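Summary of the model geometry
Below, each chain spelled out in residue letters.
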Amino acid sequence: MATPGSLLNGLQGLPKLALSYIFKGIDSVNPVESKDERIRMLKRVEFYSVIEAGALGLLSGLMLLLVTLWLGSYQGKIFDNPFWDSIAIVGGIIVLGIIITMIELTVMYFLSLRNARIIASLNEQSTSGEDIDEQVMVALVNAGLQTPNNTGEFFGINPRKHIARWQIALAAIFLKTKVSGSRAIIKMMWKRFAIRVLGRTVSRGALELASLPVFAFWNMIVMRSTIRELRIRSEMPIREDDLVEFITMNSTDSTEICLDAIEEHIFCHGDVHPNVERIFKHIHGDEKTQTWNPSLDERFGERALEQYSQLQLQFAIRTLLVVMAIDPRSRRKQKKLLHNLQEINGGYDLKPYDITHSILNGDPLPQGI
């Protein structure tokens with residue numbers, strides 16, 4: 001835990017401004033009367049945020065369309081040379097398109113931080129107390145700014161130890177190109193359909209119009225993902241004890257197998273999600289020791305699972321269910337591991353989404369193992 005002053009002094013630049021914005025004046029907000037009312041208001045924040053993001057995407061796409069049509073009307077009027085005339089128009093479209101996109105991204109970040117502020121206020125998380133939960137506040141700021149999770153060494157674990165560099169580069173390229181790539185695919189499909197139905201007289205504006213839903217779609221997907229991330233991070237201080245109790249079943253013999261399963265989760269993702277970090281530290285228990293040695297040299301996902309007792313398998317299953325629920329990024333190897341564990345243990349229908357759903361709806365954690 002930290003004091004508000006030490007937390008703010010420890011940050012610099014944009015994260016510090018974001019933290020100040022999110023938590024400034026939150027204590028002046030009236031507390032929510034009941035848990036049901038709090039959950040209902042959080043769901044309203046999520047719904048309207050997604051609608052706002054979609055509308056922003058449509059507006060941005062419409063502005064790009066108008067810019068394209070406007071500059072296209074100057075074809076043959078700027079230079080006598082058709083080649084340089086086209087270069088000037090394309091250059092103008094690119095420059096204005098970059099400006100519009102930067103404005104859109106800025107507004108998206110503002111909406112994310114505003115939503116983080118609302119969520120923090122509804123969950124009564126502020127910087128006014130003598131002791132504050134530094135971790136959840138920094139986690140909310142990072143989620144609002146959509147910054148990457150920690151990829152450095154964590155309790156002696158190297159998150160990227162088993163990930164090839166080409167996989168890391170490929171993931172980064174996909175994140176940067178998913179919007180433009182989907183736009184190109186939609187426009188190509190629309191162009192083939194439009195030409196076949198309307199003939200080659202179809203206008204360029206009609207083709208550009210096909211990309212508008214893509215702007216809205218991806219904005220809504222990104223905002224919904226961000227809001228879900230904000231909500232689940234904000235709920236962690238409220239549900240952390242319940243989640244650890246669900247994993248360990250109050251047993252003192254569960255530490256090794258649970259930490260092995262969490263380490264496997266970290267290896268699968270190549271980073272340490274702040275929610276997973278909280279659970280790891282809670283189960284680890286020793287605040288003075290910042291290292292941990294796994295029970296076996298072989299990573300958990302590659303071990304012979306039959307060597308474990310039924311109780312140990314239950315600990316591992318519960319751990320994976322929780323960490324996959326509070327860090328809901330899907331990984332095929334991880335889902336396969338969970339499926340294998342459940343089959344060996346007798347088969348259960350409980351899924352990570354069931355736990356995520358319980359957390360976001362304020363319900364008791366599901367049973368069934």
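Use the structure listed above.
Below is a summary of the structure that appears in this document. Just so you know, these numbers come straight off a predicted model, no measurement behind them.

Structural notes on the overall build of the protein chain
Check the secondary structure of the protein chain and you find 13 helices and 0 strands. Secondary structure of the protein chain in N-to-C order comes out as α-α-α-α-α-α-α-α-α-α-α-α-α. A buried classification covers 44% of the 369 residues belonging to the protein chain. Once local pairs closer than 6 in sequence are excluded, the contacts in the protein chain between residues at least 24 apart make up 81%. For the protein chain, the accessible area works out to roughly 20,300 Å², and carbon and sulfur atoms hold 59% of it.

Overview of helix α10 (residues 274–284)
The buried fraction of α10 is high, at 9 of 11 residues. Along α10, the positions that sit buried rather than exposed are Pro274, Asn275, Val276, Glu277, Arg278, Ile279, Phe280, Ile283 and His284. After α10 finishes, the residue Gly285 shows a positive phi value of roughly 85 degrees.

What to know about the nonpolar core
Within the largest apolar cluster, 44 residues are counted, with the highest numbers of intra-cluster contacts made by Leu243, Ile262, Ile279, Leu341 and Ile355. Of all elements in the fold, only α8 (212–248), α9 (255–269), α10, α11 (310–326), α12 (332–345) and α13 (352–360) reach the threshold of two or more residues within this core. Ranked by residue count, the leading element in this core is α11, at 11 residues. Sequence-distant contacts of Leu243, defined by excluding residues within four places in its chain, comprise Met236, Ile279, Val322, Ile326, Ile355, Ile359 and Leu365. Within the second largest apolar cluster, 17 residues are counted, among which are Val45, Ala116, Leu140 and Met223.

Concerning a nonpolar patch on the surface
A cluster of nonpolar side chains, Trp70, Tyr74, Ile78, Phe79, Phe83, Trp84 and Ile87, forms an exposed patch at the surface whose accessible area comes to about 770 Å². A per-element tally of the nonpolar patch places helix α4 (residues 82–122) first, with 3 residues. Following the sequence through the fold, Ile87 ends up in helix α4. Classification of Ile87 as partly exposed rests on a relative accessible area of 44%.

A look at the packing of α11 against α13
For the pair α11 and α13, interaxial distance at closest approach is 8 Å and the crossing angle is 60 degrees. Classed by the angle they form, the pair α11 and α13 counts as oblique. Crossing geometry of α11 relative to α13 is assigned as right-handed. In this structure, α11 contributes Leu321, Val322, Met324, Ala325 and Ile326 to the contact, and α13 contributes Pro352, Ile355, Thr356 and Ile359.

Regarding the packing of aromatic side chains
Throughout the structure, instances matching the rule amount to 6 aromatic pairs. Relative to Trp218, the ring of Phe217 has its centre 5.4 Å away and its plane inclined at 70 degrees; by these criteria the two rings are edge-to-face. Of the residues examined, Phe217 reaches a relative accessible area of 45% and is grouped as partly exposed. Since its relative accessible area comes to 17%, Trp218 is described here as buried. With 5.8 Å between their ring centres and 40 degrees between their planes, Phe300 and Tyr308 make a pair best called tilted. Looking at Tyr308, the relative accessible area reads 12%, which means it is buried. Among the aromatic side chains, those forming a connected cluster through ring pairs are Phe154, Phe155 and Phe280. Seen from the ring of Phe246, Arg318 lies directly overhead, with NZ or CZ sitting 4.7 Å from the centre.

So, the environment of Ser121
Along the polypeptide, Ser121 turns up in helix α4. Spatially, the C-alpha atoms of Ser121 and Val32 are 9.2 Å apart, while their sequence positions differ by 89 residues. Polar side-chain contacts of Ser121 include one of 2.6 Å to the backbone oxygen of Ile118.

Points about α12
Compared with an ideal rise of 1.5 Å per residue, which puts 14 residues at 20 Å, α12 spans 20 Å between its outermost C-alpha atoms and is within 8% of the ideal. Within α12, the full set of buried residues consists of Gln334, Leu337, Leu338, Leu341, Gln342 and Asn345. Along the long axis of α12, the arc covered by the buried residues comes to 130 degrees, so they all point the same way. Seen from the buried face of α12, the exposed residues on the opposite side, beyond 90 degrees, are Arg332, Lys333, Lys336 and Glu343. For α12, the elements touching its buried residues are α9, α11 and α13. Once α12 ends, the next one or two residues include Gly346, with phi positive near 125 degrees.

Calculation notes
- Residues numbered from 1 in each chain as written.
- Predicted model: local features only at pLDDT ≥ 70, side-chain atom pairs only at ≥ 80, totals over all residues.
- Heavy atoms only, no water.
- Helix = DSSP H or I, 4+ residues; strand = E, 2+ residues; numbered from the N terminus.
- Buried < 20%, exposed > 50% of the residue type's maximum accessible area, 1.4 Å probe, protein only.
- Contact = heavy atoms within 4.5 Å.
- Areas by Shrake-Rupley, 256 points an atom, 1.4 Å probe, with all protein chains shown as cover.
- Core = buried A, V, L, I, M, F, W, Y, C linked by side-chain atoms within 4.5 Å.
- Patch = residues over 30% accessible without salt bridge, like charges linked within 9 Å, V, L, I, M, F, W, Y side chains within 5 Å.
- Salt bridge = Lys/Arg side-chain N within 4 Å of Asp/Glu carboxyl O.
- Axes fitted to C-alpha atoms, helices over the stretch in contact; angles between N-to-C directions.
- Parallel < 35°, antiparallel > 145°, perpendicular 65-115°, else oblique.
- Left-handed = near helix turned anticlockwise from the far one by under 90°.
- Phe/Tyr/Trp six-rings, centres within 6.5 Å; stacked < 30°, edge-to-face > 60°.
- Lys NZ or Arg CZ within 6 Å of the ring centre and 35° of its normal.
- Polar contact = N/O pair within 3.5 Å; in protein donor to acceptor, adjacent residues only side chain to side chain.
- Expected span 1.5 Å × (residues − 1).
- Arc of directions from axis to C-beta.

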